[in-house]
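Report on the structure
Here is what each chain is made of, one letter per residue.
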Amino acid sequence: MIAHCNNKFCLFNWALFLIFAQVSNICYASDKDNIAEDQEIITSTTQDNEEVKIAPNLDLKEVAPLPKPVITKPASDEVEPETQEETEEKIEEEVTVETEPDIDEKKYPEATAVKEKPEREKLVILGSEVPPATSTRLAWSPQVSISGLSLPTPVLVINGANPGPTLCLTGAIHGDELNGIEVVRRVMYDINPEDLNGTLIGVPIVNLQGFQRGSRYLSDRRDLNRFFPGEENGSLASRIAHSLFSEVISHCNYLIDLHTGSLRRTNLPQIRANMSNPKVAEFVEGFDKIAVVHHAGNPGMLRTAANNVGIIAITMELGESLRIQENQIAAGTHSVNSVLEKFEMYPRVLIWGKPKPAYYESTWVRVESGGILFSQMGLGDTVSIGDVLGVVTDPITNQSTDLKSPIKGHIIGMAVNQVVMPGFAAYHIGIESNQEEMVKEDEENLDVEPDGELDPE
Ligand SMILES: [Zn+2]
């Protein structure tokens, strides 16, 4: 070819070609080297010869780029019906497989059964192995959006040096509930894996779609917290719920789902828990002084679905949606830390005496006439019978109506100042109780709407 090159232009082209070929070769070789090196470092093989990525050990306090999701097989593929022997072998070898058949069969064990964590097994989550005494950022992708536009959801994992339970923290299942996001960050980024007994898994923002729009709901206007444990082939919300539940939640022994008041209401830091479940009641005992309101939970809520498969789950309510509230975040962080200490997962030298929550029965005070509500009381205030909680003024007739407390108690939740219509539930009054009474009187409970939508979690 070069022999036929008898002009300058042709020789120049030939020279360019040679240079290009050389550079391409170098790039290709160096890519190959990198890939080979990466594979040596980050992959390992499980006992059943499945190749799993080893998650990089990251100091979570360090700023780091967004993790990339590992696309795993759908959970249902892993739980195809197997022979008895295969099933028994797998149960011995894998952490995740234990609960997944329950999810698909939709036949849940008794809520009181605790999912015991087996002896120190490999922690393999979202396609990566997280070795003991390391922490990492992984990514969960529910695979429901346009694949080119899909946004991975970060999942923080700290696998402690020592054995212990797995505690999960989920934030912003409602995309406009922001306080919990910061609680997850403060708790997770303050843990040294070397001193942790057990595992912490944190999903700071579950509902990224809603978070980006400042909305409680998913992009199809559904409430994600009504679709757990979800269905693989269901609606968008149901698919997201199923993916989170099978890929992340199924690893948890304990779960704290972080929320705020909704529909322009704010909540004193409080736990909503099914106190008739003895294991849940025992878990709640571990929280430092925080209000506890008994509520069995509605079908579709994450904590209900988790309880149904033996995961001990509660909801923690902190403040108001669309706001970042330092006092609420500090209280929530303190409360989660108190549980870590109580269950000896992460001992700290915290001075609070004996952790003990305060149990409440509760009732709602509703507005009788429409208008603009101005509160005269605040969250946590003690009220007596007849105390004026707030005043509603009709902006046209100028008529004002006092809203009075029908009982003695504490304000554990309330509406922010706003326009209200008759029947609007404006103040949530808690009456100190004890655990037994609270559960016993649940049936005739004062004013909890059966659909639970009064102050929806
Ligand atoms: Zn919520």
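Before any of the text, the structure's been laid out above.
Okay, so let's go over this structure. (Residues numbered from 1 in each chain as written. Predicted model: local features only at pLDDT ≥ 70, side-chain atom pairs only at ≥ 80, totals over all residues.)

**A few points about unusual backbone geometry**
The omega torsion of the bond from Phe228 to Pro229 falls at 5°, within 30 degrees of zero and hence cis. Secondary-structure assignment places Pro229 in the loop between helix H6 (208-213) and helix H7 (236-247). Positive phi outside glycine occurs at Ala133, with the angle close to 65°. With respect to the helices and strands, Ala133 occurs in the loop between strand S4 (128-129) and strand S5 (134-140). At Leu263, a position not held by glycine, the phi torsion is positive, near 50°. (Helix = DSSP H or I, 4+ residues; strand = E, 2+ residues; numbered from the N terminus.)

**With respect to the pairing of strand S13 (residues 358-366)**
Here strand S11 (residues 291-294) runs beside S13; their pairing, made up of 3 bridges, is parallel. Considered in S13, the bridge of Val292 is made with Tyr359. Pairing of S13 with strand S20 (residues 425-432), which is carried by 7 bridges, proceeds in the antiparallel orientation. Paired with Trp364 across the bridge in S20 is His428. (Pairing = 2+ DSSP bridges.)

**Here's the deal with helix H5 (residues 179-188)**
Residue pairs three or four apart in sequence face the same way in an α-helix, which turns once every 3.6 residues. Among the 10 residues that make up H5, 8 are buried, leaving the element largely enclosed by the rest of the structure. Every buried residue of H5 is listed here: Asn179, Gly180, Ile181, Glu182, Val183, Val184, Val187 and Met188. For H5, the elements touching its buried residues are strand S6 (153-159), strand S7 (162-170), strand S8 (197-203), strand S9 (254-259), strand S12 (312-320) and helix H10 (326-342). (Buried ≥ 20, exposed ≤ 12 C-beta atoms within 10 Å, placed from the backbone. Contact = placed C-beta atoms within 7 Å.)

**Some words on the nonpolar core**
Counting 98 residues, the largest nonpolar core has Val155, Ile249, Leu255, Val284, Val292, Ile314 and Ala426 as the members making the most contacts within it. Counting contributing residues per domain, this core is built from domain 1 (75-342) and domain 2 (364-432), each supplying no fewer than three. Excluding its chain neighbours within four sequence positions, the residues that come into contact with Ile314 are Ile256, Ile271, Arg272, Ala273, Val280, Phe283, Val284 and Arg303. (Core = buried A, V, L, I, M, F, W, Y, C linked by C-beta atoms within 7 Å. Domains from an automatic or database assignment.)

**Examining the environment of Gln418**
As for its placement among the helices and strands, Gln418 is situated in strand S19 (residues 418-420). Gln418 sits in the partly exposed class, given 13 other C-beta atoms within 10 Å. Those residues in contact with Gln418 that lie beyond four places of it in its chain are Arg264 and Leu373.

**Here's the deal with the environment of Gly164**
Within the secondary structure, Gly164 is located in strand S7. The exposure class assigned to Gly164 is buried, which follows from the 20 C-beta atoms found within 10 Å. Each C-alpha atom of the pair Gly164 and Arg120 lies 8.2 Å from the other, and the pair is 44 residues apart in sequence. In this structure, Gly164 is in contact with Asn197, Gly198 and Met345, ignoring residues within four places of it in sequence.

**Focus on the environment of Leu302**
Position of Leu302 among the secondary structure elements: in helix H9 (residues 302-308). Spatially, the C-alpha atom of Leu302 lies 7.7 Å from that of Arg226, the residues being 76 residues apart in sequence. With near-sequence residues (within four places) excluded, Leu302 lies in contact with Thr170, Ile173, Asn225, Phe228, Asp257 and Ala313.

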